[in-house]
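Letter by letter, the chains look like this.
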Amino acid sequence: MNLPEFAVKPVAADRLPELLRRMPKAELHIHIEGSLEPELIFALAQRNALALPYASVEALRSAYAFSNLQSFLDIYYAGASVLLKEQDFYDMTRAYLRRAAQDNVVHAELFFDPQTHTARGVSMETVINGLHRACVDAEAERGISASLIMCFLRHLSEDDAFATLEQALPFRDKLIGVGLDSGELGNPPEKFARVFVRCRELGFHLVAHAGEEGPPAYVWTALDLLKVERIDHGVQASKDAALMQRLATSRIALTVCPLSNLKLCVFPELAGHNLRQLLDAGLLATVNSDDPAYFGGYINENFTQTFAALDLSARHAYTLARNSFEASFIDASAKRRHIDRLNACFETFCQETGPA
Ligand code: ADE
Ligand code: ZN
């Protein structure tokens, strides 16, 4: 990408966090159930007269020590079980969108896991209506736009995914796309090839988690068999030079989640994360929070901690924010409008702070 002059001006290291916080950005990889803070879990449990296996908010939070993806998913699905009524889904989504707006997120594409809820007897209508109403209200209140991506749980069967798709069809105007998440190892993308063919025929945008813990081969099959438009995570791609080339030339975005990767032990330390390598190779990488209530930070925390650990620059900041709009599913005029605002933010920042 040819960057405008203001985007390549150096910014002093002590001023960079302010720029990272202030720049407008899109969040493209956030599981809305992963935004349920322990306080809200307890409040919803009380409202719904449900017992929790933790004595307090602190006891729950202290259980958030994970060794891999599965150890997190067990506790994440348990947390989501307090969601019963449309208002619960609404409150969770409103809370996230308020928090995201504080981080200058101007557009968010939210994953949700309906099977976690329908398996407990909660209807698809309850889930989608609650999430969607919160998105509409947040846009009216804060100007943040948000849309919904329904994820299939890959540890469940193809039949279950097809049944879920069927249940969602009456609400398809409230969804922009479908995704694939949950335990990756042993559940390759090809398990859902036929489901994704059908979703493509229906006109949904397509994304899938691949190459989080799983091998580069899963990224290849997500691209070639599922025909996804973005790869969620995808960090294992750096182990395969031909795949890196494919991702760079096709401009298929990776929605990278650095604090998630750290907390789930994908990388032993943030300083060893490969985000810089992905950007240097010309990939359309973005920064996201994944499950911010569980991984110790919303999107700006992901930016500031990762920039500090990898010694990234204002130029990287501009590229990542711009990539977030380029890779989003908003229309071309909305993209242009957001990128114009991003440019204005960088120009103003440079004028305010002067040379580094
Ligand atoms: N569901 C919620 N967070 C996830 C993640 N990081 N990977 C796969 N499935 C998820
Ligand atoms: Zn995820």
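Here, the structure is the one placed above.
What this report covers is the structure whose coordinates are included nearby. Small disclaimer: the values here were computed from a predicted structure and weren't measured. (Residues numbered from 1 in each chain as written. Chains lettered and ligands numbered in written order. Predicted model: local features only at pLDDT ≥ 70, side-chain atom pairs only at ≥ 80, totals over all residues. Heavy atoms only, no water.)

1. Describing the environment of N274
Relative to the assigned elements, N274 resides in the loop between α13 (258–263) and α14 (275–280). Apart from the residues lying within four places of it in its own chain, the contact partners of N274 are V235, S238 and F267. For N274, the side chain forms a polar contact with the main-chain oxygen of V235, separated by 2.9 Å. (Helix = DSSP H or I, 4+ residues; strand = E, 2+ residues; numbered from the N terminus. Contact = heavy atoms within 4.5 Å. Polar contact = N/O pair within 3.5 Å; in protein donor to acceptor, adjacent residues only side chain to side chain.)

2. Section: empty space enclosed by the protein
If you walk through the whole model with that rule in mind, you get one cavity of 30 Å³ or more. The calculated volume of the largest cavity comes to roughly 100 Å³. Along its surface, the largest cavity is lined by 14 residues, and H31, L69, F72, L73 and D291 are the ones closest to its centre. Within the lining of the largest cavity, the residues separate by chemical class into five nonpolar, four polar and five charged. (1 Å grid on protein atoms, 1.4 Å probe; cavity = no way out; pocket = protein on both sides within 12 Å on 5 of 7 lines; lining within 4 Å. Points joined across faces, edges and corners; volume = space filled by probe spheres on them. Nonpolar A, V, L, I, M, F, W, Y, C, P; charged D, E, K, R; others polar.)

3. With respect to the coordination of the zinc ion (ligand 2)
Looking at the metal site, the zinc ion (ligand 2) is ligated by H29 (NE2), H31 (NE2), H209 (NE2) and D290 (OD), spaced 2.0 to 2.3 Å from it. Here the zinc ion (ligand 2) is ringed by four donor atoms whose angles at the metal span 82 to 174°, and the overall shape comes out irregular. Read N to C, the donor residues that coordinate the zinc ion (ligand 2) are spaced as H-x1-H-x177-H-x80-D. Of the two residues, H29 is situated in strand β1 (residues 25–31) and D290 in the loop between β8 (285–287) and α15 (292–295); the sequence distance between them amounts to 261 residues. Note on H29: relative accessible area 0%, which makes it buried. (Donors = N, O, S within 2.8 Å, 3.2 Å for Na, K, Ca; no water. Tetrahedral: all angles 85-135°; square planar, octahedral: opposite > 155°, others 65-115°. Buried < 20%, exposed > 50% of the residue type's maximum accessible area, 1.4 Å probe, protein only.)

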